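Fold and contact review
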Amino acid sequence: MSSSPPSAAAASGRRAVTAPTLVWTALIVVYVLWGSTYLAIRITVETLPSLLSAALRFAVAGLVLAVVLRLRRGPGALRVRRRQLGSAALVGVLLLAGGNGLVVLAESGPPGEALPSGVAALLVATVPLLVVLLRSATGDRPPLWTFAGVTVGFVGLVLLVLPAGTADAVPLVGALTVVVGAAAWSVGSFLSGRIEMPADPFVATVYEMVAGALALAVVAAARGELSDFHPTAVSTRSWLALGYLMVAGSLVAFTAYVWLLQNARISLVSTYAYVNPAVAVALGALLVAEPITPQVLLGGAVIVAGVALVVTTERPRRKAAGPRSGAART
């Protein structure tokens, strides 16, 4: 009886060991980097105009990704049909200008008005719940337990934003701003699977980021942020936080996420939706002393439980080949 050559057997063994290691490494990257972006946003807007900072983040990240694709794939790397370009631009405006831009606005402002980064992350975690509602409104029929998870999640949302009458109460205006942003993100995510998008998720991301950055820049100009912007008045820590958002949040974590969608079970990849908020709350408390009140603990725990129930009870009909919307989470 012949046996496999030792080198082949060793390679097979290495693949068996390495694959789970790579999956969990990429998953931890997504957990930590995307979970940390909420705190990075808070530090960025300390001295940088809010929407202008978001516009700079996505403009630079999108251009860097475009250059990388052009160098690796040649002149036609970014070529798409006009309809695909329009679809990617629409999704980018909804996700990045609407979704991310409103989160940035909510985290801006003086203490007592600015929403804590951990609370913002907990509210953004309602996106999977809102997507289920959008699916249901268009004739889809998710499982009964999925609706149970949606109900649990929205109970947690009410508990989190309920006026508490204390100094550490969640700022209601900021919370509602994030909820509107989560709704915009949900609509963008929902549409991205139903309209003609660029087939390559990296190419889609380039156009989404550029469109989102342009929309954010227009609104920032209308708010007077461009005329009030003085680079010398921006602190070093705000510049560093902005650079972190560009590189870690918008490039490294996204690349890891795309790789995961192609190499891991979607049910495992989806766990980022309820791990990111826990990371954000922990980092906010540890690094900038954001208060973790009983209301935040209770409301946050109920939201995360609802999202976990939705994610674990949803069973996609087929394995995704990649995200239809490139800017899946930034």
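Overview of the structure.

Rules used in this analysis
Residues numbered from 1 in each chain as written. Predicted model: local features only at pLDDT ≥ 70, side-chain atom pairs only at ≥ 80, totals over all residues. Heavy atoms only, no water. Helix = DSSP H or I, 4+ residues; strand = E, 2+ residues; numbered from the N terminus. Buried < 20%, exposed > 50% of the residue type's maximum accessible area, 1.4 Å probe, protein only. Contact = heavy atoms within 4.5 Å. Phe/Tyr/Trp six-rings, centres within 6.5 Å; stacked < 30°, edge-to-face > 60°. 1 Å grid on protein atoms, 1.4 Å probe; cavity = no way out; pocket = protein on both sides within 12 Å on 5 of 7 lines; lining within 4 Å. Points joined across faces, edges and corners; volume = space filled by probe spheres on them. Nonpolar A, V, L, I, M, F, W, Y, C, P; charged D, E, K, R; others polar. Expected span 1.5 Å × (residues − 1). Axes fitted to C-alpha atoms, helices over the stretch in contact; angles between N-to-C directions. Parallel < 35°, antiparallel > 145°, perpendicular 65-115°, else oblique. Left-handed = near helix turned anticlockwise from the far one by under 90°. Salt bridge = Lys/Arg side-chain N within 4 Å of Asp/Glu carboxyl O. Core = buried A, V, L, I, M, F, W, Y, C linked by side-chain atoms within 4.5 Å.

Bringing the side chain of Gln 84 into the picture now. Considering the arrangement of structural elements, one finds Gln 84 in helix H3 (residues 82–106). Judged by relative accessible area, Gln 84 falls into the buried class, the value being 10%. Those residues in contact with Gln 84 that sit more than four places away from it in its chain are Glu 196, Met 197, Pro 198 and Ala 199.

A word on the packing of aromatic side chains. Scanning the model with the defined rule gives 5 aromatic pairs in all. Ring centres of Trp 34 and Tyr 257 lie 5.1 Å apart, and the angle between their planes is 50 degrees; on these two criteria the pair is classed as tilted. Pair noted here: Trp 34 is in helix H1 (residues 6–44) and Tyr 257 is in helix H9 (residues 236–263), with a separation of 223 residues, a long-range link. Judged by relative accessible area, Trp 34 falls into the buried class, the value being 1%. Tyr 257 gets classed as buried once you look at its relative accessible area, which sits at 9%.

Backbone geometry at Ala 289 places phi at a positive 55 degrees, although glycine is not the residue there. As for its placement among the helices and strands, Ala 289 is situated in the loop between helix H11 (272–288) and helix H12 (294–313). Ala 289 sits in the exposed class, given a relative accessible area of 61%.

What follows is about the environment of Trp 239. Relative to the elements of secondary structure, Trp 239 occurs in helix H9. Along the sequence, Trp 239 and Leu 48 sit 191 residues apart, while their C-alpha atoms lie 8.2 Å from each other. Setting aside chain neighbours within four positions, we find Trp 239 in contact with Leu 48, Phe 229, Pro 231 and Val 234.

This part is about the layout of surface pockets. Size it by volume and the second largest pocket reaches roughly 410 Å³. Lining the second largest pocket are 22 residues; nearest its centre among them are Arg 42, Pro 111, Gly 112, Ala 114 and Pro 116. Partitioned by chemical class, the residues of the lining of the second largest pocket number 13 nonpolar, 4 polar and 5 charged.

When the terminal C-alpha atoms of H11 are compared, their 23 Å separation across 17 residues agrees well with the 24 Å that a helix rising 1.5 Å per residue should span. When we look at burial in H11, the residues that qualify are Tyr 272, Ala 273, Tyr 274, Asn 276, Pro 277, Val 279, Ala 280, Val 281 and Gly 284. Just beyond H11, the residue with positive phi is Ala 289, at close to 55 degrees.

In this section: the packing of helix H5 (residues 127–137) against helix H6 (residues 144–161). Close contact between H5 and H6 brings their axes to 9 Å; oriented N to C, the two are set at 130 degrees. Judged by the angle between their axes, H5 and H6 are oblique. The chirality of how H5 crosses H6 is left-handed. Judged by residue contacts, Leu 129, Leu 130, Val 132, Leu 133 and Ser 136 of H5 engage Thr 146, Phe 147, Gly 149, Val 150, Gly 153 and Phe 154 from H6. Within the contact of H5 with H6, the residues separate by chemical class into 7 nonpolar, 4 polar and no charged.

With 24 residues, helix H2 (residues 50–73) should cover 34 Å at 1.5 Å per step; its first-to-last C-alpha distance of 35 Å lies within 8% of that length. Phi for Gly 74, located one or two positions after H2, is positive at around 100 degrees.

A side chain with one charge can pair with a side chain of the opposite charge if their charged atoms come near. Here the structure, examined in full by the defined rule, presents 7 salt bridges. A salt bridge links Arg 223 to Glu 225; the nearest nitrogen and oxygen atoms lie 2.9 Å apart. Through salt bridges with shared partners, one network takes in Arg 81, Arg 83 and Glu 196.

Our next topic: the nonpolar core. If you look at the biggest cluster of nonpolar residues, it comprises 57 residues, and the most contacted ones within it are Leu 115, Leu 123, Leu 160, Val 178 and Val 307. Counting residues per element, this core draws most heavily on H3, which supplies 8 residues. Among all residues touching Val 307, those that are not within four sequence positions of it are Ala 125, Pro 128, Leu 129, Ala 273 and Tyr 274. If you look at the next biggest cluster of nonpolar residues, it comprises 26 residues, including Val 23, Trp 34, Ala 77 and Val 269.

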